[in-house]
Amino acid sequence: NAALGRDRSLPTREGLKRAFLDHLLYTQNKSLAIASRNDLYQALAHTIRDCMLRTWFDTASSYKAKHSRMVAYLSAEFLMGPYLGNNVLNLGLMDEVKAAIAELGLDFDDLANQEEEPGLGNGGLGRLAACFIDSLASLEIPAIGYGIRYEYGIFYQTIIDGWQVENTDKWLRYGNPWEIQHAEWSVEIKLGGRTETYTDDAGKFRVRWVPEKTVAGVPFDSPILGYRVNTANTLRLWRAEATEAFDFPTFNRGDYLGAVSKKVTSENLTKVLYPNDESDQGKELRLEQQYFFVSCSLQDMLRIQINRGQPVTEFHLAFAIQLNDTHPAIGVAELMRLLVDEHQIVWEQAWDVTRQTFAYTNHTLLPEALERWPLKLFERVLPRHLEIIYEINARFLNEVRIRFLGDESRLSRLSLIDESGERYVRMAHLACVGSSAINGVAELHSELLKRDVLADFYAMWPEKFTNVTNGVTPRRWIALSNPRQTSLVSRAIGNDWIKDFSRIKELEPFADDAGFAADWQAIKRDNKIELAGQLLQRTGIRVDPDSMFDVQVKRIHEYKRQHLAVLHIVALYHRLKSDPNLDVVPRTFIFGGKAAPGYHRAKLIIKLITSVGDVVNNDPAVRDRLKVVFLPNFSVTRGQRIYPAADLSEQISLAGKEASGTGNMKFAMNGALTIGTMDGANVEIREEVGADQFFLFGLTAEEVYALRARGYSPSDYYRNNAELHAVLDLIRSGFFSRGDANLFAPLIDELMHTDPYMLLVDYQSYVDCQGEVDRTYRDTQDWTRRSILNAARSGKFSSDRSIRDYAERVWKVGPAPVSS
Ligand code: 26Q
């Protein structure tokens, strides 16, 4: 019935108001007079959801009818950010909705701010999945995102006495209007137990998995609407529940409560997102989570395939599965198990199907971050998968043996099992062997992967390797979060750039247009005033919107070197103390980011930032020329306010450590200039915006390797650089810690003795470069020109471009528009 639901899909302003008041009464059962802000938000969310359901339904029907090849993006994390604003934007209803809400005497932004963002990810990797899922829908590519519906997302960060304190993220507290539960598509997941062999009716030798326990996986679907198109893809997140017969033996003994407690245990599986904490590696529940969502998703895809009347041997023609890092890499073994054990496909054919289905994206060069599971633990949780991995490994190593005669050390380097000490399953190796394509996330990263971490796999299969540079969605990161810049740009070049971001380059000529530049500058100032308000409200620190906003927001990690920025701040402070009348460019240093709860060094870096801030912000000698602010609980929501207000973007990781970075792209699009190293996507950003528009410092990755090989002695730098010497001494002395000389000793001593991330090497180059930043900033017109050029030349960094790259080179899929 084509007419069905039309009135709710494309409402008029009057229709929106009526639908809103209807939901207020019939969904929340409140009147305008007594509704809480949350009631009003819920009513609006339901109103907007209704606008999307027809498109969502049509999209699913169209994919089913056309048998479209579908991308399945498997990710343990989807850091979606708030839905309401993005959905209104993609519907093309922003002006109408704002007006309708205003006519009811309410404020749209005020209601949108009520939404608790689903923080179902740690940082870059989870947010990348969210940008990709937006681009897939906007490019009208058939796709489904599969992940985990964590009941508690990434912890909520507060700062108490300068230290990070973690609180649970109860994002589902008031319900989630953006999801629909589909109990009818629940699946059963096995865990633990043992395997046994048997002979089937045809006399064939087979293996059966006898699990210790089973849990149910229940899908919760959210529509992912593309920008101004008739496509709404699905994000399907799985929740663990007790199976129907959760514990019959206990139940039958009359122990009802005992049986129910087992139910509670099953539901622990999807209770909480793990922070990316090295000390948490090897945790049993984390492995169970990974297996759980991957098995749910593969069973779901097989159900769809069988429903369409297609043979499971043609699974790879129906689905292209992308592994977002190794977190879902167990899927390689699970698809083999499903095909061989449950669908009786012969091994060789099953293996062909599997390899043609999967592709793997690597996100890290840090060896300590490569996922591996202790063999004993793996065997306890997934006994059948270990057998399958042994079989894959035996066949693979045979192939290696034939290719590289007599090269025993290569065999042990390539093996899926690490046997150098305690035995481990190497998940990156499983992903490489089971995939037809392997990619890094920026040019430099992909090169280093081939040379270093995955060199032996590159020698085996060079044709599998490719690069796909990351990107971010210009819808959320410009159109939604920076409406002032958006309307200025659209007035200048029209609004096609939102859909086709390569067209942002049409803005380039306006860099020399004095009127445009003045508007651009005024907008940046307005955005800074707005952020200043937030900073005051959340930290009590008052900052000057006319000072330079120098921003570093990202997870706190030693390799990202937030403490290098602190050394610079302390150097400036030290200079001001020696010469109070020094002519400095006023700066506001803004930091934000979470430290993994068990990563003590990272937590100490937060304490260092806040401690330096306490002294600098309150020292009358500084006369408010320097301010240091740590904004608590950095998140997608906070980012949307921060990127548009930044003048300077800090991307200062040690070269060769940051795979790509994506915050760097959000800053550039919003007109911030970057100070950065030759790391990750910084290299490509500099190439695009031009060397004059990018403040470069520090060693290159090559130089880092060479220096490490020669032997690096940080104490030389300490001894030979008077200012650095003074800065380190000042922190070490307890000056910023009320005389406590022990507090920051672990940090400073490490810098002086081992300095694994070479802060002292890059220190002078960084401080000099910051001097260059100051000189440029003093010439406001010149700065503004460079700011406009940064935005105008950021076209490459749209996730639409990344997704087109994947679609062409990895997935071999194209758009399948849904007719309206
Ligand atoms: C692993 C095992 C146990 C528990 C947690 C984890 C875990 C979880 C999340 C390990 C790593 C992550 C996240 C990694 C991440 O965000 N990497 C970033 O990915 C971005 C997108 O490609 C890049 O831009 C960043 O450079 C990279 O650091």
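Residues numbered from 1 in each chain as written. Predicted model: local features only at pLDDT ≥ 70, side-chain atom pairs only at ≥ 80, totals over all residues. Heavy atoms only, no water.

**Q** Quick one: what's the story with the overall build of the protein, residue by residue and with numbers?
**A** When helices and strands are counted, the protein shows 34 helices and 25 strands. The C-alpha radius of gyration of the protein comes to 27 Å, within 12% of the 28 Å expected for a compact globule of 820 residues. Across its three principal axes, the protein shows a C-alpha extent of roughly 90 × 75 × 60 Å. In the protein, which comprises 820 residues, the proportion classed as buried is 62%. Long-range contacts, defined as pairs at least 24 residues apart, comprise 76% of the intrachain contacts of the protein with a sequence gap of at least 6. (Helix = DSSP H or I, 4+ residues; strand = E, 2+ residues; numbered from the N terminus. Rg over C-alpha atoms; globule rule 2.2 N^0.38 Å. Buried < 20%, exposed > 50% of the residue type's maximum accessible area, 1.4 Å probe, protein only. Contact = heavy atoms within 4.5 Å.)

**Q** I'd love a proper account of unusual backbone geometry, names of residues and values included.
**A** One can expect most non-glycine residues to show negative phi and most peptide bonds to be in trans. One non-glycine residue, Asn29, adopts positive backbone phi at about 55°. Structurally, the position occupied by Asn29 is in the loop between α2 (13-26) and α3 (37-66). For Asn29, a relative accessible area of 58% gives the class exposed.

**Q** Summarise the sheet that holds strand β17 (residues 424-426); cite the residues concerned and give the values.
**A** In spatial order, the strands read β15-β17-β16; together these three strands make up an open sheet with antiparallel pairing. Each of the sheet's edge strands pairs with one partner strand only, and the pair in question is β15 (372-374) and β16 (417-418). Pairing between β16 and β17: two bridges, direction antiparallel. Its bridge partner being in β17, Asp418 is matched across the sheet by Tyr424. (Pairing = 2+ DSSP bridges.)

**Q** So what's going on with the packing of aromatic side chains? Residues and values would help.
**A** Per the stated rule, a full pass over the model turns up 23 aromatic pairs. The interplanar angle of 55° and the centroid separation of 6.3 Å between the aromatic rings of Trp497 and Phe501 together place this pair among those described as tilted. Here Trp497 falls in the buried class, since its relative accessible area comes to 1%. With a relative accessible area of 3%, Phe501 lands in the buried category. Here Phe735 and Phe736 contribute two aromatic rings whose centre-to-centre distance is 5.0 Å and whose plane-to-plane angle is 85°, an arrangement assigned as edge-to-face. Residue classification places Phe735 among the partly exposed residues on the basis of a relative accessible area of 38%. (Phe/Tyr/Trp six-rings, centres within 6.5 Å; stacked < 30°, edge-to-face > 60°.)

**Q** Quick rundown of the nonpolar core? Include the residues and the values.
**A** Counting 267 residues, the largest nonpolar core has Ile321, Phe378, Ile392 and Trp811 as its most contacted members. Contact partners of Phe378, with chain neighbours within four places excluded, come to Leu287, Ile330, Trp373, Pro383, His385, Leu386, Ile389, Val425 and Met427. (Core = buried A, V, L, I, M, F, W, Y, C linked by side-chain atoms within 4.5 Å.)

**Q** Could you give an account of the site of the ligand, naming the residues involved and the relevant values?
**A** Of all residues adjacent to the ligand, which total 18 residues, the nearest are Leu125, His363, Asn470, Glu658 and Gly661. In this structure, Leu125 approaches the ligand through a main-chain N or O atom, which is 2.9 Å from an oxygen atom. Contact distances for the ligand include 2.7 Å between an oxygen atom and a side-chain N or O atom of Glu658. Considered on its own, the ligand offers 620 Å² of accessible surface; in the complex 89% of this is hidden by protein. (Near = heavy atom within 4 Å. Polar contact = N/O pair within 3.5 Å; in protein donor to acceptor, adjacent residues only side chain to side chain. Areas by Shrake-Rupley, 256 points an atom, 1.4 Å probe, with all protein chains shown as cover.)

**Q** Outline the confidence of the model for the protein, listing residues and values.
**A** Per-residue pLDDT for the protein has a mean of 96; in total, 98% of the residues score no lower than 70. Reported confidences for the modelled complex are a pTM of 0.97 and an ipTM of 0.99. (pLDDT = per-residue confidence, 0-100.)

**Q** Describe the pairing of strand β14 (residues 358-361), naming the residues involved and giving the relevant values.
**A** Neither face of β14 is left uncovered, since the one carrying Phe358 and Tyr360 and the one carrying Ala359 and Thr361 both have all their residues buried. Where strand β13 (residues 319-324) meets β14, four bridges bridge the pair, whose relative direction is parallel. Across the sheet, Ile321 pairs through a bridge with Phe358, a residue of β14.

**Q** Tell me what's going on with helix α15 (residues 383-403), and back it up with residues and numbers.
**A** A turn of α-helix holds 3.6 residues, and therefore any two residues three or four places apart point the same way. For α15, built from 21 residues, the straight-helix expectation of 30 Å at 1.5 Å per residue is met to within 8% by its first-to-last C-alpha distance of 31 Å. For α15, the full list of buried residues reads Pro383, Arg384, His385, Leu386, Ile388, Ile389, Ile392, Asn393, Phe396, Leu397 and Val400. (Expected span 1.5 Å × (residues − 1).)

**Q** Got a sec to walk through the packing of helix α32 (residues 759-778) against helix α33 (residues 780-792)? Specific residues and values, please.
**A** Look at α32 against α33: their axes get within 5 Å of each other, and the N-to-C directions meet at 105°. Taken together, the axes of α32 and α33 are roughly perpendicular relative to one another. On the side of α32, the interface is formed by Val773, Thr776, Tyr777 and Arg778, while α33 contributes Thr780, Asp782, Trp783 and Arg786. For the contact of α32 with α33, the class distribution of residues is three nonpolar, two polar and three charged. (Axes fitted to C-alpha atoms, helices over the stretch in contact; angles between N-to-C directions. Parallel < 35°, antiparallel > 145°, perpendicular 65-115°, else oblique. Nonpolar A, V, L, I, M, F, W, Y, C, P; charged D, E, K, R; others polar.)

**Q** Lay out the packing of helix α21 (residues 483-493) against helix α22 (residues 514-539) in plain terms, naming residues and giving numbers.
**A** Where α21 contacts α22, the two axes come as close as 9 Å, and the packing angle between them is 165°. Judged by the angle between their axes, α21 and α22 are roughly antiparallel. The two elements α21 and α22 cross, and the hand of that crossing is right-handed. Where α21 approaches α22, its residues Arg484, Gln485, Leu488, Val489 and Ala492 are matched on the opposing element by Phe516, Asp519, Trp520, Ile523, Asp526, Asn527 and Glu530. Class assignment for the residues of the contact of α21 with α22 results in six nonpolar, two polar and four charged. (Left-handed = near helix turned anticlockwise from the far one by under 90°.)

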